[in-house]
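Below, each chain spelled out in residue letters.
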Amino acid sequence: NAGVMQNPRHLVRRRGQEARLRCSPMKGHSHVYWYRQLPEEGLKFMVYLQKENIIDESGMPKERFSAEFPKEGPSILRIQQVVRGDSAAYFCASSPGYNQEQAFFGQGTRLTVV
Amino acid sequence: DAKTTQPNSMESNEEEPVHLPCNHSTISGTDYIHWYRQLPSQGPEYVIHGLTSNVNNRMASLAIAEDRKSSTLILHRATLRDAAVYYCMLKSQGGSEKLVFGKGMKLTVNP
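Nothing here was measured: the structure is a model prediction, and the numbers come from that model.

Draft legend 1. Local environment of the overall build of chain B. Scanning chain B from terminus to terminus reveals 0 helices and 9 strands. The C-alpha radius of gyration of chain B comes to 13 Å, within 12% of the 13 Å expected for a compact globule of 111 residues. For chain B, the spread of C-alpha atoms along the three principal axes comes to 40 × 30 × 25 Å. Here chain B, with 111 residues, has 43% of them falling under the buried criterion. Excluding contacts between residues fewer than 6 apart, the proportion of contacts in chain B whose partners are at least 24 apart in sequence is 57%. Split by element, the accessible area of chain B, about 5,600 Å² in all, is 48% carbon and sulfur. Charged side chains of chain B number 11 positive and 11 negative; the gap between the two group centres comes to 6 Å.

Quick look at the structure:
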């Protein structure tokens, strides 16, 4: 059973471009969470999704950021018109959805905006 | 989400036991205590979780105070690979299922 797969591992974008980060959850997991980690800081929750539904987006910036988890395929975190402050590591986690089951994290996508 | 407090950092020696404390004085009756850790340049990984009773698994033990206002993660024999940032978090039984990370505690293991 493969773990949570995130791609790309490293992504470089110029200011104003779009960044698309992909997350394939573990097999059988229907819950996906996205976190952002700025250099030397802790993980900040962004969004929690179940298949085709956004459950909690309280940590998402109001503009330029969106997330989806379609019925088929990976979850996508999309950042439009990137700025230097978006440079960070973005981690995805998945869980089976039972309340206290552990979450499994991917290795992250390190976004650098130049 | 209820808050936890941890020391900023701790040091230990290889092959010795390590006790990592966590205070959660505002914990509610349905909050579970979860521990994750993050090794350098990696995603977080689950360590252990519990509600009231002490818990053991292959990675660590979790000792929970009787009043549940504090807990201690115990690494029985620290190795260099245990050097990481450790996060103690509370997760409510109902409501949102997200994990809320604090600043965590950096554990240094000396050879």
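After that view of the structure, there is still more to cover.
Draft legend 2. Structural detail: the interface of chain B and chain A. With 21 residues of chain B at the interface, the matching set in chain A holds 21 residues. Summed over the three residues of chain B that lose the most area to chain A, namely Glu-97, Lys-98 and Phe-101 of chain B, the buried surface amounts to 32% of that side. Our count for the chain B to chain A interface comes out at 1 salt bridge. For the side of chain B that touches chain A, the secondary-structure elements that each account for two or more residues are β3 (31–38), β4 (45–50) and β8 (84–92) of chain B.

Draft legend 3. Layout of the state of the cysteines. Applying the stated rule across the entire model yields 2 disulfides over all chains. With a sulfur-sulfur separation of 1.7 Å, Cys-23 of chain A is cross-linked through a disulfide to Cys-92 of chain A. In this structure the cystine formed by Cys-23 of chain A and Cys-92 of chain A twists about its S-S bond by roughly -50 degrees; its chirality is therefore left-handed. Of this pair, Cys-23 of chain A sits in strand β3 (residues 19–24) while Cys-92 of chain A sits in strand β9 (residues 88–95); the two residues are 69 residues apart in sequence, bridging distant segments of the chain. The buried category is assigned to Cys-92 of chain A, whose relative accessible area is 0%. Each disulfide pairs two cysteine sulfurs, and for Cys-22 of chain B the partner residue is Cys-88 of chain B, the sulfurs being separated by 2.1 Å. The sign of the -85 degrees torsion about the S-S bond sets the Cys-22 of chain B-Cys-88 of chain B disulfide as left-handed. Of this pair, Cys-22 of chain B sits in strand β2 (residues 18–23) while Cys-88 of chain B sits in strand β8; the two residues are 66 residues apart in sequence, bridging distant segments of the chain. Residue Cys-22 of chain B is classed as buried on the basis of its relative accessible area of 1%.

Draft legend 4. Layout of the pairing of β4 of chain B. Residue and element names in this part refer to chain B. One ladder, built from 5 bridges, connects β3 with β4; its direction is antiparallel. Opposite Trp-35, over in β4, you have Ile-48 as the bridge partner. Remark: 6 residues form the turn of the hairpin made by β3 and β4, two consecutive strands paired antiparallel; Ser-41 in that turn has positive phi of roughly 60 degrees.

Draft legend 5. Region of interest: the sheet that holds strand β6 (residues 61–64) of chain B. All names here are of chain B. One open sheet accounts for 4 strands, arranged β2-β7-β6-β5; its pairing is antiparallel. The sheet is open, and its two borders are formed by β2 and β5 (55–56), each paired with just one other strand. Summarising the sheet, β2 and strand β7 (residues 70–75) pair through 6 bridges and their orientation is antiparallel. Within β7, the residue paired with Asn-23 across the bridge is Ser-70.

Calculation notes
For every chain, the first residue of the written sequence is number 1, and numbering continues from 1 along that sequence. Ligands are numbered from 1 and chains lettered from A, in the order in which they are written. In keeping with the model being predicted, local features are shown solely for residues with a pLDDT of at least 70 and side-chain atom pairs are shown and tallied solely at 80 or more, while totals for entire chains, interfaces and linings include all residues. Only heavy atoms go into the side-chain values, all of them from the structure, while hydrogens and water stay out. Numbered from the N terminus, helices here are DSSP runs of H or I no shorter than four residues, and strands are runs of E no shorter than two. Between the two quantities, the radius of gyration covers C-alpha atoms and the globule rule is 2.2 Å times the number of residues to the power 0.38. Throughout, exposure labels follow a simple rule: accessible area from a 1.4 Å probe, protein chains only, divided by the maximum for the residue type, with under 20% read as buried, over 50% as exposed, and the rest as partly exposed. Whether two residues touch is decided by their heavy atoms; if any such pair falls within 4.5 Å, the residues are in contact. Here the open area of atoms and residues is found with the Shrake-Rupley method and a 1.4 Å probe, where only the protein chains shown may cover a residue. His is not counted, nor are the chain ends; Lys and Arg add positive charge and Asp and Glu add negative charge. Every charge is mapped to an atom, namely NZ of Lys, CZ of Arg, CG of Asp or CD of Glu. Each of two parts loses accessible area, computed with a 1.4 Å probe, when they are put together; buried area is these two losses added. For this analysis, a salt bridge means a side-chain nitrogen from Lys or Arg found within 4 Å of a carboxyl oxygen belonging to Asp or Glu. Pairs of cysteine sulfur atoms within 2.5 Å are what we label disulfides. Only when DSSP finds a minimum of two bridges between them are two strands counted as paired.

Function cannot be read off these values alone, since they describe shape.
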